[in-house]
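Listed below, chain by chain, are the residues.
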Amino acid sequence: MKKTSKVNFFLATMTALTLSQAEGALYVQTVDNIDWNAAMWGSPVSAPTAGNNYESAAVGGNNRFRISASGASSTFAGDNLTLVTGTTALIKTLNGNTSTVTGTFTLDGGNIVHGPNAGSIATLATGGFVVTGTGSTIGLGYTGNSLSITGGLSGAGDLLLDYQDVGASISRTLSFGSVGAYTGTISVTEMVQLDFGSDVDFGGNLGIDSDSFLNVDQSITIARDALTFDGSVIAAGIYSGTDLTNLGAGFIDGGGTLTVLPEPSSIALLGFGYAIALFRRRR
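Residues numbered from 1 in each chain as written. Predicted model: local features only at pLDDT ≥ 70, side-chain atom pairs only at ≥ 80, totals over all residues. Heavy atoms only, no water.

A. How the structure looks around the overall build of the chain. If you tally the helices and strands in the chain, you get three helices and 28 strands. Carbon and sulfur atoms make up 55% of the accessible area of the chain, which amounts to about 13200 Å² in all. (Helix = DSSP H or I, 4+ residues; strand = E, 2+ residues; numbered from the N terminus. Areas by Shrake-Rupley, 256 points an atom, 1.4 Å probe, with all protein chains shown as cover.)

B. Expanded view of the packing of aromatic side chains. By the definition in use, this model includes 11 aromatic pairs. Relative to Tyr 54, the ring of Tyr 27 lies with its centre 5.5 Å away and its plane at 20°, an arrangement referred to as stacked. Separated by 27 residues along the polypeptide, Tyr 27 in strand β1 (residues 26-28) and Tyr 54 in strand β2 (residues 53-55) bring together distant segments of the chain. Given the relative accessible area of 2%, Tyr 54 is considered buried. Three or more aromatic residues joined by ring pairs form one cluster here, namely Tyr 27, Trp 36, Trp 41, Tyr 54, Phe 65 and Phe 76. (Phe/Tyr/Trp six-rings, centres within 6.5 Å; stacked < 30°, edge-to-face > 60°. Buried < 20%, exposed > 50% of the residue type's maximum accessible area, 1.4 Å probe, protein only.)

C. Region of the structure containing the pattern of salt bridges. If you walk through the whole model with that rule in mind, you get two salt bridges. The shortest N-O distance in the salt bridge between Asp 225 and Arg 224 comes to 3.2 Å. Assessed through its relative accessible area of 45%, Asp 225 is described here as partly exposed. You can call Arg 224 partly exposed: its relative accessible area is 41%. Put simply, Arg 224, Asp 225 and Glu 263 are held in one network by salt bridges that share partners. (Salt bridge = Lys/Arg side-chain N within 4 Å of Asp/Glu carboxyl O.)

D. Structural context of the sheet that holds strand β21 (residues 205-208). Spatial strand order, β3-β6-β9-β12-β15-β18-β21-β24-β25: nine strands in an open sheet with mixed pairing. The strands lining the two open edges of the sheet, one partner per strand, are β3 (64-67) and β25 (232-233). Pairing between strand β12 (residues 136-140) and strand β15 (residues 159-163): five bridges, direction parallel. Bridge pairing in β15 places Leu 140 opposite Tyr 163. (Pairing = 2+ DSSP bridges.)

E. Local environment of the confidence of the model for the chain. Taken as a whole, the chain shows an average pLDDT of 88; of its residues, 83% reach a score of 70 or greater. Note that residues 276-281 has pLDDT below 50 and, in this model, zero contacts with residues that lie over four places away or in other chains. (pLDDT = per-residue confidence, 0-100. Contact = heavy atoms within 4.5 Å.)

F. Structural context of the sheet that holds strand β23 (residues 219-222). If you walk across this open sheet you meet the four strands as β20-β23-β28-β26, and the pairing is mixed. Both edges of this open sheet fall to β20 (200-202) and β26 (237-239), since each of them pairs with a single strand only. Pairs of neighbouring strands in the sheet enclose a mean axial angle of 15°, with direction left out of account. Bridge count for β26 against strand β28 (residues 257-260) is three bridges, and the pairing is antiparallel. In the sheet register, Ile 238 faces β28, and the bridge partner there is Thr 259. (Axes fitted to C-alpha atoms, helices over the stretch in contact; angles between N-to-C directions.)

G. Quick look at the side chain of Asn 145. Take Asn 145: it is sitting in the loop between β12 and β13 (146-150). On the basis of relative accessibility, which here comes to 1%, the residue Asn 145 falls in the buried class. A distance of 3.0 Å separates a polar side-chain atom of Asn 145 from the backbone oxygen of His 114. When residues no more than four places from it in sequence are discounted, the contact partners of Asn 145 are His 114, Pro 116, Ala 118, Gly 119, Ser 120, Leu 140, Ser 171, Arg 172 and Thr 173. (Polar contact = N/O pair within 3.5 Å; in protein donor to acceptor, adjacent residues only side chain to side chain.)

H. Local environment of the environment of Asn 37. Looking at the element boundaries, Asn 37 is found in the loop between β1 and β2. Overall, Asn 37 belongs to the partly exposed group, its relative accessible area being 24%. C-alpha of Asn 37 to C-alpha of Pro 48: the two residues are 11 residues apart in sequence and 6.0 Å apart in space. When residues no more than four places from it in sequence are discounted, the contact partners of Asn 37 are Ala 47, Pro 48, Thr 75, Phe 76 and Ala 77. Reaching out from Asn 37, the side chain makes a polar contact with the backbone nitrogen of Ala 77 at a distance of 2.9 Å.

I. Local environment of the nonpolar core. Of all hydrophobic cores here, the largest spans 52 residues; its most connected members are Phe 129, Ile 138, Phe 176, Ile 186, Leu 206 and Leu 258. Here this core gets three residues from one element, more than from any other, and that element is strand β19 (residues 192-196). (Core = buried A, V, L, I, M, F, W, Y, C linked by side-chain atoms within 4.5 Å.)

J. Structural context of the side chain of Ser 120. By the secondary structure assignment, Ser 120 is in the loop between β9 (111-114) and β10 (121-126). From its side chain, Ser 120 meets the backbone nitrogen of Asn 95 in a polar contact 2.6 Å long. What Ser 120 contacts, discounting residues up to four positions off in sequence, is Leu 94, Asn 95, Gly 96, His 114, Gly 144, Asn 145 and Ser 146.

K. Broad picture of the pairing of β15. Where β15 lies against strand β18 (residues 185-188), three bridges are found, and the strand directions are parallel. Paired with Leu 161 across the bridge in β18 is Val 188.

See below:
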């Protein structure tokens, strides 16, 4: 190989290595309690940039970072964002504004708090909202707070919904715009209201505490034994109107339908009975 060719090969290799280190890298939080787009990631610290992924860390006294610290709409400058155990993402978005993660937002045992210092409506828009691990929490502070998470809920991690920092009270709503392949358990507690923004075939478990709520304003389908209210399993059936509200104070009739599927053997028997009836009718 000629000397010039060797030099060119070396330069090309070093360029490729530099690009691979700069693009698609994982940067961990190193500065506490400032806006997610500030210089708070990695060492030396830098602001997030497109093409890279970011993960929270327990640093400083608060172990958190702020989403849209000013309360205005903002878009995270990085790609994917992961919130791990022992850390908090404090959402300050208010007045109907939207905070956006263009990639995947993964809640891996971390704590999301919507705390804009006053009751307000906000949206967390994501390219996908994944819950993994254990101990993940979404807390809503202040009466009248409403947080909508879009991008499709998925994952197998458990999720606790509760109030944050101030006393439990009504009119705190968490809404998932859509639900994908989610198989974990959602526990709704402390007067929080859960709402689904579209029809959902819910593949996980859902527990509603005696002082909390499920707003049934869509078509919600869930497996047998997967839905409880105040610790009691809701029996298989199709519920709407007064049939729905008679299940308990935690079920709000928003004009939708709640379907709790029977066990597979019951479905098979129903199908068999229908087939026999159809056969006899044709005779």
